[in-house]
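Each chain, letter by letter, is given below.
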Amino acid sequence: MSSEDEMVVTPWKVAGKVDYEKLIRQFGTQPLTKEILEKLKKYAGSLHYLIRREFFFCHRDFDWILNLYEKGEKFVLYTGRGPSGPVHLGHLLPWIFTKHLQDVFGAKLYFQMTDDEKFLLHHNFTIEKSVGYTYDNALDVIAIGFDKKKTKIISDVKNIKALYEISIKIAKHVNFSVVRAVFGFEESTNIGLIFFPAVQAAPCFLESVLTGKKVPCLIPAAIDQDPYWRVTRDVAPKLGFYKPAQIHSKFLPGLGKGGKMSASQPETCIFTTDPPEVAEKKVFNAFTGGQPTAEEQRRLGGNPEVCTVYQYMFYLFEEDDKKVRELWENCKSGRIICGECKSILAKKVKDFLVEHQRRREKARNIVDEYFLEI
């Protein structure tokens, strides 16, 4: 494996070719079993396409959460965003599934904006800039359609009063040797980042503190955030709380060759604020699994397994399983060429952005109503 293909998955960096089976072994998570999916289907009516297509692929105690729910015990949802820039399509997928869970289970959601972490992590990044992105990114969260009555967005900087007492209780039970081993902290790491895992853990227990009783918490999030929850789960019993459960997602690839969608490569990244015509150009420049010429494509067929255009249709822009299978077969057989595929995706992306941006602008009028008031 070349150095550029070497897998790196941390809370701050994802690079190389991601082997999800290997991550399950390395992180010690569990695959989603048929039994778990059947139980989820029992309450959801049908399985969400992001589950059917294994975008969410592993968990910790998701079965336990469902068993508690079956016994009449409700849970809260918790996920978040590190607001260091505009939101891109890769960020939206876990939120879309989180909204589905909120709708199915009637669950309250705490959505944490880690504006403190982003200030601490990035050089020449001011608090004002970080908090500014918090409010800007919140527009995208609201545009997804979360229930205003059951959703609270948390700014770590603005809402630290609600988090601090829980955070220091967590921090007291976590030694530096633990966070150094889990997160790779060094002597040069600023002490704000060293304390931060306790702040990210706090929303897991916020509902329990506010209600005065133990409340289960489920975290739908990308697999790179798992290290935080490993530490949190170790601490939870010491503080008298349930261990937070998790359901982990994969990463949406960028439009280039290899790697997840990342704001550090804007040409391969579709932002929710991109003008539709700009997004269209990015789609037409995307890496595909096609042959060098249309004639060869029709004769030899393409490879949808490595095609970013197909991945976007599969994970985000086509919920109909039959149509996705047809697209796969048409690509493999050469019945469709890359330009046609890109045209289909470009239209779907443009239509999505027009509607999302409309909802995003509308959210400006109500954004303050979503934020935690404590």
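One structure accompanies this document, and this report is about it. Bear in mind that the values here come from a model prediction, so they are computed numbers and not experimental data.

**A few points about the overall build of the protein chain**
Part 1 of the argument: The number of helices and strands found in the protein chain is 18 helices and 9 strands.
Part 2 of the argument: For a compact globule of 374 residues, the expected C-alpha radius of gyration is about 21 Å, and the protein chain comes in at 21 Å, within 12% of that figure.
Part 3 of the argument: The buried share of the protein chain, reckoned over its 374 residues, is 51%.
Part 4 of the argument: Long-range pairs, those at least 24 residues apart, make up 78% of the contacts in the protein chain between residues at least 6 apart in sequence.
Part 5 of the argument: When the accessible surface of the protein chain is split by element, carbon and sulfur atoms take 50% of a total near 17500 Å².

**Looking at empty space enclosed by the protein**
Part 1 of the argument: For the coordinates displayed, the defined rule picks out 1 cavity of 30 Å³ or more.
Part 2 of the argument: A volume near 70 Å³ is recorded for the largest cavity.
Part 3 of the argument: Contributing to the lining of the largest cavity are G289, G290, Q297, C307, Y310, L327, C331, I336, I337, C338 and C341.
Part 4 of the argument: Mapped onto the lining of the largest cavity, the elements with two or more residues apiece are α16 (321-333) and α17 (338-363).
Part 5 of the argument: Counted by class, the lining of the largest cavity contains 8 nonpolar, 3 polar and no charged residues.

**Quick look at the sheet that holds strand β3 (residues 30-31)**
Part 1 of the argument: One open sheet accounts for 7 strands, arranged β3-β4-β9-β8-β5-β6-β7; its pairing is mixed. With one partner strand each, in any of the chains shown, β3 and β7 (151-155) form the two edges of the open sheet.
Part 2 of the argument: Bridge count for strand β6 (residues 109-113) against β7 is 5 bridges, and the pairing is parallel. Opposite F111, over in β7, you have I153 as the bridge partner.
Part 3 of the argument: Each of β5 (76-81), β6 and β7 is contacted by helix α7 (residues 127-143), which is oriented at about 150 degrees to β6, the strand it contacts most.
Part 4 of the argument: In the packing of helix α12 (residues 226-235) onto the sheet, the strands contacted are β4 (56-60), β5, β8 (217-222) and β9 (245-249), and the crossing angle to β9 comes to about 170 degrees.

**Side note on the nonpolar core**
Part 1 of the argument: Residues I51, L89, I153, L218, I270 and Y312 are the most contacted members of the largest nonpolar core, which totals 69 residues.
Part 2 of the argument: With 8 residues, the top contributor of residues to this core is helix α15 (residues 308-317).
Part 3 of the argument: If sequence neighbours within four positions are ignored, Y312 has contacts with L89, L252, P253, G254, L255, M261, T268, I270, F317 and L345.
Part 4 of the argument: Among the nonpolar cores identified, the runner-up in size contains 31 residues, and Y110, V179, V215 and V231 belong to it.

**Observations concerning the layout of surface pockets**
Part 1 of the argument: The space that makes up the second largest pocket amounts to roughly 390 Å³.
Part 2 of the argument: Along its surface, the second largest pocket is lined by 14 residues, and I96, I144, L316, E319 and F352 are the ones closest to its centre.
Part 3 of the argument: Counting residues per element, the ones that place at least two in the lining of the second largest pocket are α5 (89-105), α15 and α17.
Part 4 of the argument: If you tally residues by element for the lining of the second largest pocket, the top one is α17, at 5 residues.
Part 5 of the argument: When the residues that make up the lining of the second largest pocket are grouped by side-chain class, the tally is 7 nonpolar, 2 polar and 5 charged.

**A word on the side chain of H48**
Part 1 of the argument: One can find H48 in the loop between α2 (34-44) and α3 (49-52).
Part 2 of the argument: Looking at H48, the relative accessible area reads 14%, which means it is buried.

**Overview of the side chain of Q297**
Part 1 of the argument: Relative to the helices and strands, Q297 resides in helix α14 (residues 294-300).
Part 2 of the argument: Judged by its relative accessible area of 2%, Q297 falls in the buried class.
Part 3 of the argument: Polar contacts involving the side chain of Q297 include one to the main-chain amide nitrogen of Q291, which spans 2.9 Å.

**Notes on helix α10 (residues 191-201)**
Along an α-helix, residues three or four positions apart point the same way, because every turn accommodates 3.6 residues.
Part 1 of the argument: Listed in full, the buried residues belonging to α10 are L193, F196, P197, A198, V199, Q200 and A201.
Part 2 of the argument: Where α10 starts, the residue carrying a side-chain oxygen 3.1 Å from the main-chain nitrogen of G192 turns out to be N190.

**Overview of a nonpolar patch on the surface**
Part 1 of the argument: On the surface, a nonpolar cluster with roughly 250 Å² of combined accessible area is contributed by I160, Y164 and I168.
Part 2 of the argument: Relative to the helices and strands, I160 resides in helix α8 (residues 160-171).

**Quick word on the pattern of salt bridges**
Proximity of charged atoms lets side chains of opposite charge pair with each other.
Part 1 of the argument: Taken as a whole, this structure holds 21 salt bridges when the rule is applied.
Part 2 of the argument: Linking D321 and R53 is a salt bridge whose minimum nitrogen-to-oxygen distance equals 2.7 Å. Linking D321 in helix α16 with R53 in the loop between α3 and β4, this pair joins segments that are 268 residues apart in sequence.
Part 3 of the argument: In this structure R53 comes out as buried when scored by relative accessible area, which is 8%.
Part 4 of the argument: The partner of K148 in a salt bridge is E369, with the nearest N and O atoms 2.5 Å apart. With K148 in the loop between α7 and β7 and E369 in helix α18 (residues 367-370), this residue pair connects regions lying 221 residues apart in the sequence.
Part 5 of the argument: Given a relative accessible area of 34%, K148 falls into the partly exposed group.
Part 6 of the argument: Where salt bridges share partners, they join K39, K42 and E70 into one cluster.

**Section: the packing of aromatic side chains**
Part 1 of the argument: Using the criterion set out here, one finds 27 aromatic pairs in the structure.
Part 2 of the argument: Ring plane angle 35 degrees and centroid distance 5.9 Å describe the contact between W12 and F185, whose orientation is recorded as tilted. Placement of W12 in the loop between β1 (8-9) and β2 (14-15) and of F185 in the loop between α9 (176-183) and α10 is noted, with a sequence separation of 173 residues between them.
Part 3 of the argument: Consider the rings of Y43 and Y69, whose centres lie 5.1 Å apart with planes at 85 degrees: the pair is edge-to-face. Of this pair, Y43 sits in helix α2 while Y69 sits in helix α4 (residues 62-70), and the two are 26 residues apart along the sequence.
Part 4 of the argument: Taken together, W12, Y78, F183, F185, F196, Y228 and W229 form an aromatic cluster joined through their ring pairs.
Part 5 of the argument: If you follow K214 out to its NZ or CZ, it ends over the ring of Y242, 4.5 Å from the centre.

Parameters at a glance
Residues numbered from 1 in each chain as written. Predicted model: local features only at pLDDT ≥ 70, side-chain atom pairs only at ≥ 80, totals over all residues. Heavy atoms only, no water. Helix = DSSP H or I, 4+ residues; strand = E, 2+ residues; numbered from the N terminus. Rg over C-alpha atoms; globule rule 2.2 N^0.38 Å. Buried < 20%, exposed > 50% of the residue type's maximum accessible area, 1.4 Å probe, protein only. Contact = heavy atoms within 4.5 Å. Areas by Shrake-Rupley, 256 points an atom, 1.4 Å probe, with all protein chains shown as cover. 1 Å grid on protein atoms, 1.4 Å probe; cavity = no way out; pocket = protein on both sides within 12 Å on 5 of 7 lines; lining within 4 Å. Points joined across faces, edges and corners; volume = space filled by probe spheres on them. Nonpolar A, V, L, I, M, F, W, Y, C, P; charged D, E, K, R; others polar. Pairing = 2+ DSSP bridges. Axes fitted to C-alpha atoms, helices over the stretch in contact; angles between N-to-C directions. Core = buried A, V, L, I, M, F, W, Y, C linked by side-chain atoms within 4.5 Å. Polar contact = N/O pair within 3.5 Å; in protein donor to acceptor, adjacent residues only side chain to side chain. Patch = residues over 30% accessible without salt bridge, like charges linked within 9 Å, V, L, I, M, F, W, Y side chains within 5 Å. Salt bridge = Lys/Arg side-chain N within 4 Å of Asp/Glu carboxyl O. Phe/Tyr/Trp six-rings, centres within 6.5 Å; stacked < 30°, edge-to-face > 60°. Lys NZ or Arg CZ within 6 Å of the ring centre and 35° of its normal.

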